[in-house]
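The chain contents come next:
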Amino acid sequence: MADDVVLLENRDGIGLVTLNRPERLNAWTGELENRYFDRLDECAADPDVKVIVVTGAGRGFCAGADMDMLQGIGAGEVNAAGTARTTRPQWHTTMIPKPVIAAINGACAGIGLVQALMADIRFAASGAKFTTAFARRGLIAEHGISWVLPKLVGPATALDLLMSGRVFLADEAARLGVVNDVIAPEHLIDHTMAYASDMAANCSPASMAVMKRQVWDHYLLPLDDATRSSNELMKISLKADDFREGVQSFVQKRPPKFAPLAQ
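Scope of this entry: the structure provided in the associated data block.

What counts as what
Residues numbered from 1 in each chain as written. Predicted model: local features only at pLDDT ≥ 70, side-chain atom pairs only at ≥ 80, totals over all residues. Heavy atoms only, no water. Helix = DSSP H or I, 4+ residues; strand = E, 2+ residues; numbered from the N terminus. Buried < 20%, exposed > 50% of the residue type's maximum accessible area, 1.4 Å probe, protein only. Contact = heavy atoms within 4.5 Å. Salt bridge = Lys/Arg side-chain N within 4 Å of Asp/Glu carboxyl O. Pairing = 2+ DSSP bridges. Right-handed = clockwise from strand over helix to strand, strands pointing away. Arc of directions from axis to C-beta. Axes fitted to C-alpha atoms, helices over the stretch in contact; angles between N-to-C directions. Parallel < 35°, antiparallel > 145°, perpendicular 65-115°, else oblique. Left-handed = near helix turned anticlockwise from the far one by under 90°. Nonpolar A, V, L, I, M, F, W, Y, C, P; charged D, E, K, R; others polar.

**Notes on the environment of Leu149**
On the secondary structure map, Leu149 appears in helix H4 (residues 145-153). Judged by relative accessible area, which is 2%, Leu149 ranks as buried. Residues Leu149 and Leu176 lie 27 residues apart in sequence; the distance between their C-alpha atoms is 11 Å. Apart from the residues within four sequence positions on either side, Leu149 is in contact with Leu117, Thr132, Gly154, Ala158, Leu161, Leu162 and Val178.

**Here's the deal with the pattern of salt bridges**
Side chains carrying opposite charge are able to pair once their charged atoms draw close together. Tallied over the full model, the rule gives 19 salt bridges. For the salt bridge of Arg35 with Asp4, the shortest nitrogen-to-oxygen distance reads 3.1 Å. Separated by 31 residues along the polypeptide, Arg35 in helix H1 (residues 30-45) and Asp4 in the segment before strand E1 (6-11) bring together distant segments of the chain. The class of Arg35 is partly exposed, set by a relative accessible area of 24%. When the shortest N-O distance is used, the salt bridge between Asp225 and Arg228 registers 2.4 Å. You can see Asp225 and its partner Arg228 sitting in helix H9 (residues 223-238), 3 residues apart, about one turn around the helix. Exposure remark for Asp225: the relative accessible area of 30% places this residue in the partly exposed category. Of the residues examined, Arg228 reaches a relative accessible area of 48% and is grouped as partly exposed. Members of the salt-bridge network, linked through shared partners, are Asp4, Arg35, Arg39 and Glu42.

**Regarding the pairing of strand E2 (residues 14-19)**
The buried fraction of E2 amounts to 6 of the 6 residues, a majority that puts the element mostly inside the structure. Burial along E2 is two-sided: Ile14, Leu16 and Thr18 facing one way and Gly15, Val17 and Leu19 facing the other are all buried. Where E1 folds back on E2, the antiparallel hairpin that results is connected by 2 residues, among which Asp12 adopts a positive phi of roughly 55°. One ladder, built from 6 bridges, connects E2 with strand E3 (residues 51-56); its direction is parallel. Paired with Ile14 across the bridge in E3 is Val51. Assessed by its sense of winding, the connection that carries the chain from E2 through H1 to E3 is right-handed.

**Description of H4**
Considered for burial, the residues of H4 that qualify are Ile145, Val148, Leu149 and Val153. Projection of H4 onto a plane perpendicular to its axis shows the buried side chains occupying an angular sector of 105°, all on one side. Among the structural elements, helix H3 (111-118), helix H5 (155-164), helix H6 (170-176) and helix H8 (205-217) are those in contact with the buried residues of H4. Count one or two residues on from H4 and you reach Gly154, which has phi positive near 95°.

**Details of the packing of H3 against H4**
Contact geometry of H3 with H4 gives a least axis separation of 10 Å together with a crossing angle of 60°. Relative to H4, H3 is oriented oblique. Between H3 and H4 the crossing geometry is left-handed. Note on element contacts: H4 touches H3 through Ile145, Val148, Leu149 and Leu152, opposite Leu113, Val114, Leu117 and Met118. In terms of residue class, the contact of H3 with H4 is made up of 8 nonpolar, no polar and no charged.

**Some points on the sheet that holds E1**
Sheet architecture is open: 6 strands sit in the order E1-E2-E3-E5-E7-E10, paired in mixed fashion. In the strand order of this sheet, the two ends are held by E1 and strand E10 (181-183), each with one partner. Ignoring strand direction, the axes of neighbouring strands in this sheet form an average angle of 25°. Of the strand pairs in this sheet, E3 and strand E5 (residues 100-104) are connected by 3 bridges, and their pairing is parallel. What sits directly across from Val54, in E5, is Ala102. On top of the sheet, H1 reaches E1, E2 and E3; it is set at about 20° to E1, its chief contact.

Now the structure itself:
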């Protein structure tokens, strides 16, 4: 649907999800949120999708909450507690059992930055602007950003970005650890799709799903607990078909043929 606020295209095993309100720099609304999470769920349920790439249409990734919605909340016309319009949490992306890669093509602010941080890997176009923005709107660090941002950049830097609400560019974002790499704007999607395609062709979907769960679940565990958990998971993986296929494909010098992720 050309007028869909979030588009989905399957490109050879890559689910390309595009926030599609370019005239508003893909500003976040309840409708967009529901559709975005729906699209992620569709990718999770599709055995043909191995990796998910998320980007924005036009000049921005997501410029934060739609200002009309914020004005409605401020005027008492909209109940802030009901603005999400979904039962899924803002960290829903972290629960998708497939890699989610954000291709940040432009402005990334507020809840748009939150959603980018909930992706597993982030590439940004050079010159892309980032800001937490909350403090400059009289708000607090919401939607889980107070949990995820310090783990990426450390408490002091997180407090700088949160309390100042200052704008920082893609190069600084990479230096701080907010994004993994900075790519020329004209090559961003091609680079991200190539990276995703390599994962889809050569990495076990089951392995990636377990690794994603390990990283998110082990954030707050002591080292010994995390290691014990990983050791149990390793025992399972050593008995799995993907392990045998991974070894055989390496020995036989051929691409692996891993099974789709079981639902």
